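Fold and contact review
For reference, the chains in residue letters:
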Amino acid sequence: MCVHVSDLAQPQCGLQTGTQGAFGKPQGPVARGRIGQVIMSIRTKLPNKKHVIDALLRAKCKFSGRQKIHSSKKWGFTKFNADEFEDMVAEKQLLPDSCGVKYIQSWPLMRASTMLPPLHTNQ
């Protein structure tokens, strides 16, 4: 399960530094975000979903603007849907690869004679 926080408000301008060394003002470069851009993602087990959403509700108060929390339908950070993932692993269409997976296509085997032309012809 993957939970994302995305920015929905207009990007904030953080270039106004105010009085030199004033408390609460940014000192130097600031990060800029686009509308709809994912700010942070958390990958967790399904039983911990309630705790992750509670933590993100508290964390979004640290960012200016309006943020939205949404859960992904994908399995972890892969491109495969969670409801189909375990079936694909059982059918050996997906192989574990470090922190992700590799997709194995099920193409029929081609005969070697149809793939390559003969090298020598006896005439």
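Everything quoted here is computed from the prediction, not taken from an experiment. (Residues numbered from 1 in each chain as written. Predicted model: local features only at pLDDT ≥ 70, side-chain atom pairs only at ≥ 80, totals over all residues. Heavy atoms only, no water.)

The next subject is the pairing of strand S4 (residues 94-97). Pairing of S4 with strand S5 (residues 100-103), which is carried by four bridges, proceeds in the antiparallel orientation. Opposite Pro96, over in S5, you have Val101 as the bridge partner. (Pairing = 2+ DSSP bridges. Helix = DSSP H or I, 4+ residues; strand = E, 2+ residues; numbered from the N terminus.)

Right, let's get into the pattern of salt bridges. Pairs can form between side chains of opposite charge once their charged atoms are near each other. Evaluated as defined, the whole model comprises one salt bridge. Put simply, Arg58 and Asp54 hold a salt bridge, and the shortest N to O gap is 3.5 Å. Placement of the pair is Arg58 and Asp54 together in helix H1 (residues 49-59), with a separation of four residues, close to one helical turn. On the basis of relative accessibility, which here comes to 59%, the residue Arg58 falls in the exposed class. (Salt bridge = Lys/Arg side-chain N within 4 Å of Asp/Glu carboxyl O. Buried < 20%, exposed > 50% of the residue type's maximum accessible area, 1.4 Å probe, protein only.)

On to the confidence of the model for the chain. Looking at the chain as a whole, the pLDDT averages 75, with 63% of positions reaching at least 70. Across the chain, the secondary-structure element scoring lowest on mean pLDDT is helix H3 (residues 112-115), at 51, and the one scoring highest is H1, at 92. (pLDDT = per-residue confidence, 0-100.)

Time to look at the packing of aromatic side chains. Scanning the entire structure with this criterion turns up two aromatic pairs. Look at Trp75 and Phe85: their rings are 4.5 Å apart centre to centre, the planes differ by 10°, and that puts the pair in the stacked class. Placement of the pair is Trp75 in the loop between strand S3 (67-71) and helix H2 (82-90) and Phe85 in helix H2, with a sequence separation of 10 residues. On the accessibility criterion, Trp75 (34% relative accessible area) is partly exposed. (Phe/Tyr/Trp six-rings, centres within 6.5 Å; stacked < 30°, edge-to-face > 60°.)

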